[in-house]
Amino acid sequence: MTAEEFIEFVEQSGLEKAAKEVDVVTTGTFGAMCSSGAFLNFGHSEPPIKMVRCWLNDVPVYKGLAAVDAYLGATSMSETKPFEYGGGHVIEDLVSGKEVELRAESYGTDCYPRRSLETTIILDDLNQAYLYNPRNAYQRYNAATNTSDHILYTYMGTLLPRYGNVTFSGSGQLSPLYKDLNLETIGFGTRIFLGGGVGYVVGEGTQHKPQSGFATLAVKGDLRGMSAEYLKGAVFHNYGTTLYVGVGIPIPIINMRVAATAALKDEDIPVDILDYSVPSRDRPIIKKSNYAELKSGKVVIGDKEVPSSPLSSIKVARKIAETLKRWIEAGEFFIQRPIELLPNYREFKPLKIKKREVTVGDIMMPLKDLVLAKPEDDIKKVAKMIIEKNIDHVPIVSEEGVLIGIVTTWDLTRALAEDKKTLKEIMTRYVITAKESERVDEVAKRMAEHHISGLPVVDDVMRVKGLITSDDISRKLVGRRGV
Amino acid sequence: MKVKLRYSHEAASKPVLAEIILKTGLLINIIEAKLTPKEGEMVIDIATQGQALKRALEYLRAAGLEVTELRSLVEVDRERCISCGACISPCPSRAIRFDESLDIEIDERRCIGCGICISACPRKAIQLI
């Protein structure tokens, strides 16, 4: 029976009876899985070519392989229609039987003299075409929200400002890997439903982290025999293209532990809601939730009811679990014991940047060269200092050196025109700032977002340490890498 | 009822909407407004139905405006839609939800035609009408 039918059965008859009577529980998920793609072999043209660069419907295909072998990645984007059409769409088109344009270039060798070719192919023209996805079917996934005051377009979809909504991914109580939470039945060689056809688990997926419920799978299957109903090219606005992949795994109920995890319900599966407005690999957790709350359509954050919606299709996930169940019942699909189980612990390493990156502190104008002013200062006196030092920004500070405002040459011009006397009357009180340790590209982005040309650099207690301007960034960094 | 109004540049100088609001007391929400040197186009939501709506539309037509009644502002291409739900929570007017069979359902009375669902849809299955 399907995982959802099993949950109901356990509720009615108890876990022990269910474990005894049920042999296999089927699962399903249908979501955006960016680490997906296909290995293709085009066959040799006459005269043959060693393809060095290659495109399918203008989507670049990876060619660091033998002459006519290639890997088409789901997130590779069309050079003529980026953010609209990509590798995932090419896979969908191939599986639908559509004609796809193939273009290739080479430098020509003695054994492969041809230098270019243009033709069209369909799936049946290829020698081999198999889906090989390095990371699919996350056990569970974090949900996303946005605390900033602008719209975010992410791989977690459109996130409205100020907790406007929550999006989540994964099928919860139907999730293949969550139903065998301790990975006792799934491993290398497990036969699975993949993209509407039959596929195999070929190992742990990349970023496999089973100890915290983030196990993943690498899977492989022949594209011939798959269906475009379960392989859909997709676009996340301003993010890029991807592929929705349908995965279903049969879980044999081999013992009480597996039965217990197969019976886990949406409310038993924890999901952290993360703040995607923090552009860091460690995003802060806004709330600890679960799939039941997320699937209900609203989540309570603080005293606010926030709408929530999935990114992966629960409807199609159910259909996959149903289809797999029918295949097994009809004797068309056999359950394969894995040759090797997946590791149940993997360290999850971050990427360390070992080369020192240029920070704000490296290129800012230091405190000793700055012109600072007090709120009570006379405008004319400040204007004179600006001319002497040839600068555009004057931070306004308290007696203790704490930033309380800023004036620019433009503000001063206006002040003179409007006959204002002190800085207090004209200074901007809401000041965008930078920290010495920040990377320069982050600060440049902040300046562009707010349409400003200079930021005071402050420490943790808002004492002014320096000033960084767009001029500093463009002048001092020309020709330097890493920014 | 949502209505699309098209009007000549001359008509744009007359406060037609203000007049109709004052005369009838109807609640009118302006959803979209564009004015080019040639002509103007506006989508408004008139919060009424039946006779009162009919009178309002007649008034607009009498003022020289071209009036088209809109049934819905966006439509879902069912062939492309995969019922993922990515369009639901970004909708600011909560006009989109799953129906009982988990298909996407757009409540045309709530839709304000902002178009955020169009860009939020990973399948490009939603279009403005």
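These lines cover the structure that appears in this document, whether it is placed above or below. Please read these numbers as outputs of a predicted model, since none were measured by experiment.

All names here are of chain A. What the rule picks out here adds up to 13 aromatic pairs over all chains. Note on Phe193 and Tyr230: the rings are 5.1 Å apart at their centroids and 90 degrees apart in plane angle, and the pair reads as edge-to-face. Of the two residues, Phe193 is situated in strand S15 (residues 191-194) and Tyr230 in the loop between strand S17 (217-222) and strand S18 (231-236); the sequence distance between them amounts to 37 residues. Under the relative-accessibility criterion, Phe193 is labelled buried at 0%. Among the aromatic residues, those joined into a cluster by ring pairs are Tyr138, Tyr141, Tyr155, Phe214, Tyr239 and Tyr276. Positioned above the aromatic ring of Tyr130 is the side chain of Lys220, whose terminal nitrogen or guanidinium carbon lies 4.4 Å from the ring centre. Its guanidinium or amino end placed over the ring of Tyr276, Arg283 lies 4.0 Å from that ring's centre, counting from NZ or CZ.

All names here are of chain A. Structurally, Lys179 can be placed in helix H4 (residues 176-179). Asp266 provides the closest opposite charge to the buried, unpaired Lys179, separated from it by 7.2 Å. With sequence-adjacent residues up to four places away left out, Lys179 is seen in contact with Ala3, Ile7, Thr27, Gln173, Leu174, Ile251, Val258, Thr261, Ala262, Ala263 and Leu264.

Under the criterion given, the structure shown has 34 salt bridges over all chains. One network of salt bridges, with partners in common, ties together Glu357(A), Arg439(A), Asp441(A) and Glu442(A).

Residues and elements named next belong to chain A. Together, Arg281, Lys349, Lys352 and Lys354 make up a positively charged patch on the protein surface. For Lys352, the position within the fold is in the loop between strand S25 (340-341) and helix H8 (360-363). Relative accessible area serves as the criterion here: at 61%, Lys352 is assigned to the exposed category.

Turning our eyes to something else, we now look at the sheet that holds strand S30 (residues 464-469) of chain A. Residue and element names in this part refer to chain A. The three strands lie next to each other as S26-S30-S29, forming an open sheet whose pairing is antiparallel. Sheet topology places strand S26 (365-366) and strand S29 (454-458) at the edges, where each strand pairs with a single neighbour. Inspection of the sheet shows S26 paired to S30 by two bridges, in the antiparallel sense. Within S30, the position partnered with Pro366 by the bridge is Gly466. Sitting on the sheet, helix H11 (residues 440-450) touches S29 and S30, and the angle it makes with S29 is about 130 degrees.

Glancing now at the packing of helix H2 (residues 16-24) of chain B against helix H3 (residues 50-62) of chain B. Residues and elements named next belong to chain B. For the pair H2 and H3, the least separation of the axes is 11 Å and the interaxial angle reads 145 degrees. Of the two possible hands of crossing, H2 and H3 adopt the one that is right-handed. Across the interface between the two elements, Val16, Leu17, Glu19, Ile20 and Lys23 from H2 touch Ala56, Tyr59 and Leu60 from H3. Residues that form the contact of H2 with H3 fall into these classes: six nonpolar, no polar and two charged.

All names here are of chain A. Burial runs high along strand S28 (residues 403-408): five of the six residues are buried. Of the pairings in the sheet, the one linking strand S27 (residues 393-397) to S28 comprises five bridges and is antiparallel in character. Residue pairing in the sheet places His393 in a bridge with Thr408 of S28. A loop of five residues connects S27 with S28, the two strands running antiparallel in sequence, and Gly401 in this loop sits at a positive phi of about 85 degrees.

Residue and element names in this part refer to chain A. Secondary-structure assignment places Asp110 in the loop between strand S7 (100-105) and strand S8 (116-121). When its relative accessible area of 86% is taken as the criterion, Asp110 is described as exposed. Taking the C-alpha atoms as reference, Asp110 lies 49 Å from Phe334; in sequence the two are 224 residues apart.

Time to look at H11(A). Residues and elements named next belong to chain A. Within H11 the residues assigned to the buried category are Val440, Val443 and Met447. For H11, the angular spread of the buried residues around the axis is 65 degrees, confining them to a single face. Opposite the buried face of H11, by more than 90 degrees, sit the exposed residues Lys445 and Ala448. After H11 finishes, the residue His451 shows a positive phi value of roughly 55 degrees.

It is worth spelling out the pairing of S18(A) at this point. Residue and element names in this part refer to chain A. Extensive coverage of S18 is indicated by the burial of six of its six residues. Here S18 shows two buried faces, one formed by Leu231, Gly233 and Val235 and the other by Lys232, Ala234 and Phe236. The loop that links S18 with its antiparallel partner strand S19 (residues 240-248) comprises three residues; one of these, Asn238, has a positive phi angle of about 60 degrees.

In this section: the interface of chain B and chain A. Across the contact, 20 residues belong to chain B and 29 residues belong to chain A. Across the interface of chain B and chain A, roughly 1,800 Å² is buried in total on both sides, 58% from carbon and sulfur atoms. A per-residue breakdown of the area chain B buries against chain A is headed by Ile82(B), Ser89(B) and Pro122(B), which together make up 29% of the total. Our count for the chain B to chain A interface comes out at two salt bridges. The residue Asp103(B) makes a salt bridge to Lys315(A) at a minimum N-O spacing of 2.9 Å. Where chain B touches chain A, the interface holds twelve residue pairs in polar contact (both at pLDDT 80 or more). Among the elements that take part in the side of chain B that touches chain A, helix H4 (residues 116-120) of chain B stands out by supplying three residues, more than any other.

Cut-off values and rules
Every chain's residues receive numbers from 1 upward, in the order its sequence appears when written. Labels are handed out in written order, letters beginning with A for the chains and numbers beginning with 1 for the ligands. For a predicted model such as this one, the threshold for reporting local features is a pLDDT of at least 70, and the threshold for listing and counting side-chain atom pairs is 80 or more; totals across whole chains, interfaces and linings nevertheless cover every residue. The basis for every side-chain value is the complete set of non-hydrogen atoms in the structure, without hydrogens or water. In this scheme Phe, Tyr and Trp rings, the latter by its six-membered ring, pair at centre separations within 6.5 Å, and the angle between planes marks the pair as stacked below 30 degrees, edge-to-face above 60, and tilted otherwise. A run of H or I in DSSP counts as a helix once it spans at least four residues, and a run of E counts as a strand once it spans at least two, with each numbered from the N terminus. Working definition: with a 1.4 Å probe on protein chains only, accessible area under 20% of the residue-type maximum means buried, over 50% means exposed, and in between means partly exposed. Two thresholds decide whether a charge sits over a ring: the Lys NZ or Arg CZ must be within 6 Å of the ring centre and within 35 degrees of the ring normal. Just so you know, the count uses Lys and Arg for positive and Asp and Glu for negative, and it drops His and the chain ends. Between Lys or Arg on one side and Asp or Glu on the other, a salt bridge is scored when a side-chain nitrogen of the former is within 4 Å of a carboxyl oxygen of the latter. The contact rule is simple, with two residues in contact once any of their heavy atoms fall within 4.5 Å. Like charges within 9 Å and nonpolar side chains (Val, Leu, Ile, Met, Phe, Trp, Tyr) within 5 Å are joined into patches, using only residues over 30% in relative accessible area that form no salt bridge. Note that accessible areas follow from Shrake-Rupley with a 1.4 Å probe, and for residues the cover is restricted to the protein chains shown. By convention, charge coordinates are those of NZ in Lys, CZ in Arg, CG in Asp, or CD in Glu. For two strands to be treated as a pair, DSSP must find no fewer than two bridges joining them. The axes are straight lines fitted to the C-alpha atoms, using for helices just the contacting stretch, and the angles between their N-to-C directions are given from 0 to 180°. When the near helix sits turned anticlockwise from the far one by under a right angle, the crossing is termed left-handed; a clockwise turn instead gives a right-handed crossing. The residue classification treats Ala, Val, Leu, Ile, Met, Phe, Trp, Tyr, Cys and Pro as nonpolar and Asp, Glu, Lys and Arg as charged. All others, Gly included, are polar. Summarising the geometry, the arc corresponds to the directions from the helix axis toward the C-beta atoms. A 1.4 Å probe defines the accessible area here, and the buried area is the portion of it lost by two parts on being joined, summed over both. We call two N or O atoms a polar contact when they sit within 3.5 Å, provided that within protein one can donate a hydrogen and the other can accept it, with sequence-adjacent residues counted only if both atoms are side-chain atoms.

Note that all results are geometric; they support no functional claim without further evidence.
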